[in-house]
Amino acid sequence: MSIVLEHLTKRYGGHPVVNDVSLEIADGEFFVLLGSSGSGKTTVLNMIAGLTGIDNGRISLHGRDVTWLPTQERRVGFVFQNYALFQHMTVADNIEFGLRVRKMPAAERKRWRNELLELVGLVGLGQRMSRQLSGGQQQRVALARALAIRPDVLLLDEPLGALDAKIRIELRRSLRNIQRELGITTILVTHDQEEAFELADRLGVMSFGRLLEVGLPDELYHHPQTEFVATFLGTANLLVGQAVADGVQLGPVRIPLAAENQPPKEEQRVQVLFRPEDVVLAAHPEASTVPQLGYGVVEQTVFSGSFERLRLRLPPLPGVRPIAPPVAFGDDTILVEATRQQEEVDHLPLRPGDRVWVGVRHIHALAHPGLQFLILTDGSPQAQAALALGGQLARLATPVP
């Protein structure tokens with residue numbers, strides 16, 4: 001393994017910002033660490049680079065324990081969001097900076113610098129000052145400078161976050177091509193899901209300092225194990241239903257589970273996920289072959305180029321509780337997000353206020369976590385009463401078959 005993290009923990013003021021994170025990343029893998037602001041993902045990157053100390057845990061890079069080594073001895077390349085270039089230097093001097101520190105001979109330094117300029121698409125710009133370049137060009141220089149020292153590991157801290165959308169798309173493709181060509185193990189930190197899906201061999205999702213799930217992008221999108229990952233990755237329709245022998249019961253509707261989905265125990269409450277692209281809309285229930293959730297009202301339509309996004313409102317389903325999209329407090333209706341290709345839009349045009357049958361192609365079930373809490377007692381009669389009440393609440397939250 002290129003990178004092994006074992007039980008990494010970092011606290012600030014007694015508060016854990018990275019909480020017992022363990023992870024293994026293979027040689028040549030492009031790993032993306034995804035999470036919202038404050039989730040701890042950048043702190044993990046800084047710990048690997050040696051820019052931030054650790055409170056507990058161990059870091060190994062290519063079999064070397066680097067937990068307590070200074071940054072310059074870890075052989076890592078780091079690219080920051082704000083480029084961090086030397087503005088008084090030329091592009092060539094920026095790229096060569098680390099090589100000069102390592103006392104590489106001038107001829108070899110020049111040859112490798114020119115190779116890097118070609119690799120990142122900046123041939124002929126070596127003598128320009130950094131401040132004369134566009135944001136996208138400066139980020140390419142930062143990448144070339146990080147690669148110049150031939151690092152064992154490349155660490156990227158939201159390197160495309162400050163760029164406009166079109167340049168981000170171009171640089172994503174360049175970055176992936178460069179990483180594949182060099183075969184360098186790379187960790188990218190981002191909160192941009194599109195960026196994560198496009199670049200990652202595998203990705204990990206962090207929240208409040210914990211690494212919740214790790215897997216292939218399509219697996220985490222279609223078959224998440226936790227509510228947070230289900231709702232964080234893309235748009236989610238998430239309901240709480242009831243497990244039955246052959247699938248899940250959502251009100252009067254029984255929907256079978258996909259073969260790869262482990263069926264939950266009967267009588268267990270389950271969280272049911274279906275993505276907007278899984279929703280099928282029809283003018284009449286007979287026009288669709290998928291299970292129908294009900295007859296809904298179109299609340300919103302949004303043109304998004306090659307597809308249309310819709311939000312629909314369904315009447316309440318007995319025994320079903322919506323999680324996402326959330327509804328107003330006291331509202332027992334159900335909101336559903338849907339997407340349609342343009343040929344579907346042409347076949348069945350819809351506007352806000354129209355009514356339409358809402359069906360679902362397939363679903364993914366998450367085991368409902370139930371209610372978890374801790375009761376501390378001193379053995380007194382009052383404490384026994386608290387234990388009894390706690391047990392009753394737990395049984396009501398998660399029925400036992």
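Quick caveat, the model's predicted, so the values are computed rather than measured.

Colleague: Just checking my understanding: could you explain the sheet that holds strand 1 (residues 3-12) for this structure?
Modeller: Strand order across the open sheet formed by four strands is 2-1-4-5, with antiparallel pairing between neighbours. Each edge of the open sheet carries a strand with a single partner, namely strand 2 (15-25) and strand 5 (64-65). Direction of pairing for strand 1 relative to strand 2: antiparallel, over a ladder of seven bridges. Residue Lys10 lies in a different strand from strand 2, and its bridge partner there is Val18. Contacting strand 1, strand 2 and strand 4 (56-61), helix 1 (residues 41-49) crosses the sheet at an angle of about 115° to strand 1.

Colleague: How do you make sense of unusual backbone geometry when you look at a structure like this?
Modeller: Trans is the prevailing form of peptide bonds, just as negative phi is the prevailing case for residues other than glycine. Going from Ala324 to Pro325, the amide bond is cis rather than trans, its omega being -10°. With respect to the helices and strands, the residue Pro325 is situated in the loop between strand 18 (321-324) and strand 19 (334-341). One non-glycine residue, His7, lies in positive phi territory at about 50°. Overall, the relative accessible area of 47% leaves His7 in the partly exposed class.

Colleague: Which parts of the structure should I look at to understand the packing of aromatic side chains?
Modeller: Given two aromatic rings, their pairing is described by the distance between the two centres and the angle made by the two planes. A complete count under the given rule lists five aromatic pairs for this structure. When the centroid spacing of 5.9 Å and the interplanar angle of 85° are considered together, the rings of Phe197 and Tyr221 count as edge-to-face. With Phe197 in helix 6 (residues 193-199) and Tyr221 in helix 7 (residues 217-222), the pair connects residues that are 24 residues apart, well separated along the chain. The interplanar angle of 15° and the centroid separation of 5.3 Å between the aromatic rings of Phe228 and Phe232 together place this pair among those described as stacked. In this pair, Phe228 and Phe232 both sit in helix 8 (residues 227-232), four residues apart, roughly one turn of the helix.

Conventions we followed
- Each chain carries its own residue numbering, running from 1 in the written order of its sequence.
- Only residues with pLDDT of 70 or above have their local features reported here, since the model is predicted, and side-chain atom pairs are shown and tallied only from 80 upward, although totals for entire chains, interfaces and linings are computed over all residues.
- Each side-chain value is derived from all of the structure's non-hydrogen atoms; neither hydrogens nor water enter the calculation.
- A pair of strands counts as paired when DSSP detects no fewer than two bridges linking them.
- Secondary structure elements are taken from DSSP: a helix is a run of H or I of four residues or more, a strand is a run of E of two residues or more, and numbering for both begins at the N terminus.
- Any two residues having at least one pair of non-hydrogen atoms within 4.5 Å are treated as being in contact.
- Angular values range over 0 to 180 degrees, each being the angle between N-to-C directions of two axes fitted as lines to C-alpha atoms, with helices fitted over their stretch in contact.
- Per-residue accessibility, obtained with a 1.4 Å probe over protein chains only, is compared with the maximum for each type, and a residue is labelled buried under 20%, exposed over 50%, and partly exposed between these values.
- Paired rings are identified among Phe, Tyr and Trp, the last through its six-membered ring, by centres lying within 6.5 Å, and are further divided according to the angle between planes into stacked (under 30 degrees), edge-to-face (over 60) and tilted (the rest).

In short, geometric facts, not functional conclusions.
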